[in-house]
Amino acid sequence: MRRLARIAAAVTGAALTAVVTAAVVSPSGGSSAAAGDHRGQALGDGVIVGHASDRLPSTTAQDWVTYADHVVVVSAVSERELAPSRGETERGEGIVGRQVRLRVDKVLWSRAAAPQKAPQTWEYNAAGWQFSDGDTDKRRKMVLEERPRVETGHSYVMAIVWQGPRCAEGDGRTPGKWLGLGEGSEIPFDEGILGNGEEAGRVVRQQGGSPAAAASASDDTPDFGLEEQLAGGSASALVSELKAAAPAAPQEFGSASRTAGGSAACD
C-alpha cells in the first residue's frame, strides 16, 4: 500500500551507498531510518520488515515525470553478498548485504533533459539478511516494507534518476550513481504484467488485461498510487500515463537535496 504523506521536507538520510536504490539497507555505513534498528518487524515466517523514508515523491505519474530521468524495464540477473562491517562482526549481529546486477531490457520513457543516457546494467544494493549470535550463517531474510526485494529471475519497472558526483569535506569525491525515487518507483513486471511478480520477497500474481477496474478506485484513497492504478496492465498503459502527465515544479527533500548530509555536487 502507498503512503502519500511519506515525503516531508526533513526526509532522513535515505540515499544508499548503492548505485541504484531508493532507501538504505546498506551494511557498510549507509544511513537510513531503517538502519538504526536492525531488528525491524519480524513476520510469522521469520522475515524482517524494514522501514525507510522515500528520497522523492514516487506515487503518481506526475511524480515520475517530475523527478525521474528514465523509466526502464529491468531483469535481476545475478547477485552477490556484501560482508557486514567490522563493528557488526565484532558485535556478533548486524546485516549481510546483497548486491544485485540489473540488466536494462527496455527504456520506456526518458526525460528530454536527462543528464545521462539510461544505463545498460548496474549494481543495485538490495535488502539482504540479518544475522545474530556471531554467526553470519544464522540469518533471516530482510525486506523493505511494500517494496520489491529485487530477486534474481524476476523483472521490474523502475523510475530512476542520475545523481552526479558528490564532494564532502574530509570524505573526498563520491562517484555519480543511479538512484530510485522511492517505494512507488519500483513495480513488479514478470511476464510483462504490471504488479505481477516479486513483492517484498513473495510472488504476487496479477491477471493480464485492462487495469480499468483498478483505475476506477477513488483517487482520494490514501494508499492508491500508480502501481495500484495500472495493476494487471501492460508497459504501454504505463507509457500512456507518463506521456499524459505534466511535470510539476520539482522540490528538494532532505537527503535528495544538493547539499544533504554536508555534501554537494562537485565543481
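Residues numbered from 1 in each chain as written. Predicted model: local features only at pLDDT ≥ 70, side-chain atom pairs only at ≥ 80, totals over all residues. Heavy atoms only, no water.

So, the pattern of salt bridges
Note the following rule: Salt bridges are defined by distance alone: a side-chain nitrogen of Lys or Arg within 4 Å of a carboxyl oxygen of Asp or Glu. Under the scheme used here, helices are H or I runs from DSSP no shorter than 4 residues and strands are E runs no shorter than 2 residues, and both carry numbers assigned from the N terminus.
This structure, assessed with the given rule, holds nine salt bridges. The residue Glu123 makes a salt bridge to Arg101 at a minimum N-O spacing of 2.5 Å. Residue Glu123 is located in strand β5 (residues 121–132), and its partner Arg101 is located in strand β4 (residues 94–110); the two are separated by 22 residues in the primary sequence. Within this structure, Lys141, Arg149 and Glu151 form a network of salt bridges that share partners.

Quick look at helix α5 (residues 235–244)
The condition is simple: A simple rule labels every residue: compare its accessible area, found with a 1.4 Å probe on the protein chains alone, to the largest value its type can have, and call it buried under 20%, exposed over 50%, or partly exposed in between. Directions are taken from the helix axis to each C-beta atom, and the arc is the one they span. Contacts are assigned to residue pairs that have any heavy atoms within 4.5 Å of one another.
Within the sequence span of α5, burial applies to Ala235, Leu238, Val239 and Leu242. Projected down its long axis, α5 carries its buried residues within an arc of 100°, all on one side. Turning to α5, the residues buried within the fold contact α1 (61–67), β3 (70–82), β4, β7 (155–163) and α4 (226–229).

Looking at the pairing of β4
Stated precisely, the cut-off is as follows: Pairing between strands is defined by DSSP: at least two bridges between them are needed.
Relative to β4, β3 is paired through twelve bridges, and the arrangement is antiparallel. Pairing of Val74 across the sheet is with Val104, part of β4. Sheet topology note: the β4/β5 ladder contains nine bridges and is antiparallel. The partner of Gln99 across the bridge, within β5, is Asn125.

What to know about the confidence of the model for the protein
In plain terms, the rule: A score between 0 and 100, pLDDT records how confident the predictor is in each residue.
Per-residue pLDDT for the protein averages 78, and the proportion of residues at 70 or more is 72%. In this model residues 1–44 is a low-confidence stretch, pLDDT under 50, and it forms 146 contacts with partners more than four residues away in sequence or in other chains. Taken as a whole, residues 212–219 scores under 50 in pLDDT and shows eight contacts with residues more than four places along the chain or in a different chain.

Digging into the side chain of Gln163
Looking at where Gln163 falls in the secondary structure, it is placed in strand β7. What Gln163 contacts, discounting residues up to four positions off in sequence, is Arg55, Gly176, Lys177 and Leu179.

Thoughts on the packing of aromatic side chains
Formally: Each Phe, Tyr or Trp ring (for Trp, its six-membered ring) is paired with any other whose centre lies within 6.5 Å, and the angle between the two planes then decides the class: stacked below 30 degrees, edge-to-face above 60, tilted in between. Put simply, a charge is over a ring when the Lys NZ or the Arg CZ is close to the ring centre, within 6 Å, and near the line of the ring normal, within 35 degrees.
A complete count under the given rule lists one aromatic pair for this structure. Note that Arg139 overlies the ring of Trp129, its terminal NZ or CZ placed 4.8 Å from the centroid. A cation over a ring is seen here: Arg149 above Trp129, with NZ or CZ 5.3 Å from the ring centre.

Section: the environment of Ala52
The residue Ala52 is located in the loop between β2 (48–50) and α1 in this model. The exposure class assigned to Ala52 is buried, which follows from its relative accessible area of 12%. Between the C-alpha atoms of Ala52 and Glu145, which are 93 residues apart in sequence, the distance is 7.9 Å.

What about the nonpolar core?
Counted only if it meets this: For this analysis, a nonpolar core means a set of buried residues of the types Ala, Val, Leu, Ile, Met, Phe, Trp, Tyr and Cys, connected via side-chain atoms within 4.5 Å.
Trp64, Val71, Leu108, Val157, Leu181, Leu238 and Leu242 are the most contacted members of the largest nonpolar core, which totals 26 residues. For this core, the secondary-structure elements that each account for two or more residues are α1, β3, β4, β7 and α5. Every residue in contact with Val157, bar those within four places of it in the chain, is listed here: Trp64, Val71, Val72, Val73, Leu108, Ser185, Glu186, Ile187, Phe189, Leu194 and Leu238. In this structure, Val100, Tyr124, Ala126 and Met158 belong to the second largest nonpolar core, which totals 14 residues.

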